[in-house]
Amino acid sequence: MHIVADENIPLLNEFFADIGTITRVPGRTMTAADLATADILLVRSVTRVDEALLAGTPVKFVGTATIGTDHIDLEYLQQAGIGFKSAPGCNAQAVVDYVLSALSVLVDERGLQFTDLSVGIVGVGNVGLLLRQRLEAMKVPVLAVDPLRSEEETGPQVSLDEVLQADVVSLHTPLTREGEHATYHLINAERLAQMKPDACLINSCRGAVVDNTALLAHMQKHRDFEAILDVWENEPELNVDLLQRCLLATPHIAGYSLDGKMRGTEFVYQGLCEFFGLPVRRKLAQFLPEPGVKRVNFSDQAPLHQALRTAIRAAYEIRVDDGVMRSAIRRSDNLRETFDRLRSNYPLRRDIPTLRVGVPAKCQELQNLLTSAGFDVRLK
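Residues numbered from 1 in each chain as written. Predicted model: local features only at pLDDT ≥ 70, side-chain atom pairs only at ≥ 80, totals over all residues. Heavy atoms only, no water.

Going by an unreviewed UniProt entry, the protein chain carries the name Erythronate-4-phosphate dehydrogenase and comes from Venatoribacter cucullus. Here is the UniProt Subcellular location (unreviewed entry) comment for the protein chain, exactly as written: "Cytoplasm". (UniProt positions renumbered as here; feature names shortened; annotations may be inferred.)

Structure representation (structure tokens):
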């Protein structure tokens, strides 16, 4: 079989080489001509997969190594009898790590501790639910809403109006444009006005869930309102004025941990094997390298908040990505190319659970706090 794949999907050879011949193609510029002899198409979120791309090609199976599927015309795939597999939840841990690192910066800026902030979660799927579980275990007050899921799945829910009253609102929804619960411009001028004037909005799901023009206008009017954005409306184009207003700005990499991206490839591999009736011969554990930072140790003198913040940033320091993006955009004469280059050349990080944290046996409260945040705590 012939496999055409986005060149930035990791472990293509390791998972797929014994299934067929692999041709790597830039995802952003992929065309129907690239698929003239393809049986299998593997993409990321930058490739729009629809009839215009697939009609007249021999493609029998499409896999996307992403949580979201708004770039896929699922109805067309079903009508054409083309198999499909996405990777729901593959990078949930990475996105949660991103939000925790963002919160660590926010609490430092405001001279607070994590438990001083209430966090509203919009969308309690794979990512939102894990974030909720982490924060609640850390004793952070959480409000959540997801009209598409029951409280049996998500835990207690409140209305969106109530969630918008939290100190921090973190978005974890797919991008949908139709239906009763469409999320396109879910956060618009009216809903921004409902939020506290010094609230912080975090968007790490899809750019157009937030009306970026309205957000900029709101931030210009409310100087204490802050935003942390990983995704942008109309990306790879983005509003540079909005970027400059943000507390933290990153180039759609919240889910870009090594573990998450490799897990996405594994999910698609498993779906492909099931569709074609092939044996599953490869597992992710065969290919994961050791983390660059394997262990952080604390003494019994480490204050709880300081230890938590240090451990989070040892696993992922969001301010590095923010600084790299601002510098690159400032020097850029082509925003599209710069944005894509930042994503393509992103130095993949590891998930929080891969970091071992040494804690004195007598420091029970610190052990519990770090375990709640997801770290692999080892007594010493």
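Chemist: Give me the overall build of the protein chain: which residues, what numbers.
Modeler: Tallying secondary structure elements over the protein chain gives 15 helices and 14 strands in all. Its C-alpha atoms give the protein chain a radius of gyration of 21 Å, near enough to 21 Å, the size a compact globule of 380 residues would have. Taken over the C-alpha atoms alone, the protein chain extends approximately 60 × 50 × 50 Å along its principal axes. Considering the protein chain as a whole, with its 380 residues, one finds that 56% of them fall into the buried category. If you take every contact in the protein chain between residues at least 6 apart in sequence, the share linking residues at least 24 apart comes to 62%. Put simply, the protein chain shows about 16400 Å² of open surface, and 48% of that area lies on carbon and sulfur atoms. Looking at charge distribution, the protein chain has the averaged site of its 40 positive side-chain charges lying 7 Å from that of its 49 negative ones. (Helix = DSSP H or I, 4+ residues; strand = E, 2+ residues; numbered from the N terminus. Rg over C-alpha atoms; globule rule 2.2 N^0.38 Å. Buried < 20%, exposed > 50% of the residue type's maximum accessible area, 1.4 Å probe, protein only. Contact = heavy atoms within 4.5 Å. Areas by Shrake-Rupley, 256 points an atom, 1.4 Å probe, with all protein chains shown as cover. Lys, Arg positive; Asp, Glu negative; His and termini not counted. Charge placed at Lys NZ, Arg CZ, Asp CG, Glu CD.)

Chemist: Talk me through the packing of aromatic side chains; I want residue IDs and the actual numbers.
Modeler: Counted according to the given criterion, the structure contains 9 aromatic pairs. Residues phenylalanine 15 and phenylalanine 16 carry aromatic rings whose centres are separated by 6.4 Å and whose planes lie at 55° to one another, so their mutual orientation is tilted. Of the two residues examined, phenylalanine 15 and phenylalanine 16, each falls in the buried class. Ring centres of tyrosine 98 and tyrosine 316 lie 6.2 Å apart, and the angle between their planes is 25°; on these two criteria the pair is classed as stacked. Note that tyrosine 98 is positioned in helix H4 (residues 92-110) and tyrosine 316 in the loop between helix H12 (304-315) and helix H13 (318-331), a separation of 218 residues in sequence. By the burial criterion, tyrosine 98 is buried, and tyrosine 316 matches it. In textbook terms, an aromatic cluster arises when at least three aromatic residues are bridged by ring pairs, as seen for Phe15, Phe16, Tyr269 and Phe287. The cationic tip of lysine 261 hangs over the ring face of tyrosine 256; the distance from NZ or CZ to the ring centre is 4.3 Å. (Phe/Tyr/Trp six-rings, centres within 6.5 Å; stacked < 30°, edge-to-face > 60°. Lys NZ or Arg CZ within 6 Å of the ring centre and 35° of its normal.)

Chemist: Give me the lowdown on the packing of H4 against H12, citing residues and values where you can.
Modeler: Running from N to C, H4 and H12 cross one another at 135°; their axes reach a closest spacing of 9 Å. By the criterion of interaxial angle, the relationship of H4 to H12 is oblique. Relative to H12, the crossing made by H4 is left-handed. Residues Leu100, Ser101, Ser104, Val105, Val107 and Asp108 of H4 pack against His305, Arg309, Ile312 and Arg313 of H12. Counted by class, the contact of H4 with H12 contains 4 nonpolar, 3 polar and 3 charged residues. (Axes fitted to C-alpha atoms, helices over the stretch in contact; angles between N-to-C directions. Parallel < 35°, antiparallel > 145°, perpendicular 65-115°, else oblique. Left-handed = near helix turned anticlockwise from the far one by under 90°. Nonpolar A, V, L, I, M, F, W, Y, C, P; charged D, E, K, R; others polar.)

Chemist: Tell me about the UniProt feature "domain: Erythronate-4-phosphate dehydrogenase dimerisation" (unreviewed entry) in the protein chain, and name the residues and values.
Modeler: Residues annotated in UniProt with the feature "domain: Erythronate-4-phosphate dehydrogenase dimerisation" (unreviewed entry) correspond here to residues 287-363. Here residues 287-363 runs as 47% helix and 9% strand, with 35 Å between its end C-alpha atoms.

Chemist: Could you give me a rundown of unusual backbone geometry, with the residues and numbers involved?
Modeler: Excluding glycine, most residues fall at negative phi; most peptide bonds, likewise, are trans. The linkage connecting glutamate 235 with the following residue, proline 236, adopts the cis geometry, with an omega of 15°. Mapping proline 236 onto the fold places it in the loop between strand S10 (226-229) and helix H10 (240-245). Backbone geometry at asparagine 234 places phi at a positive 70°, although glycine is not the residue there. Structurally, the position occupied by asparagine 234 is in the loop between S10 and H10.

Chemist: Give me the packing of H13 against helix H14 (residues 335-344): which residues, what numbers.
Modeler: Where H13 meets H14, the closest approach of the two axes is 10 Å, and the angle between their N-to-C directions is 155°. Viewed along their axes, H13 and H14 adopt a mutual orientation that is roughly antiparallel. In the packing of H13 onto H14, the handedness of the crossing is right-handed. Together, Val324, Met325, Ala328 and Ile329 of H13 and Leu335, Thr338, Phe339 and Leu342 of H14 make up the contact between the two elements. Of the residues that constitute the contact of H13 with H14, the class distribution is 7 nonpolar, 1 polar and no charged.

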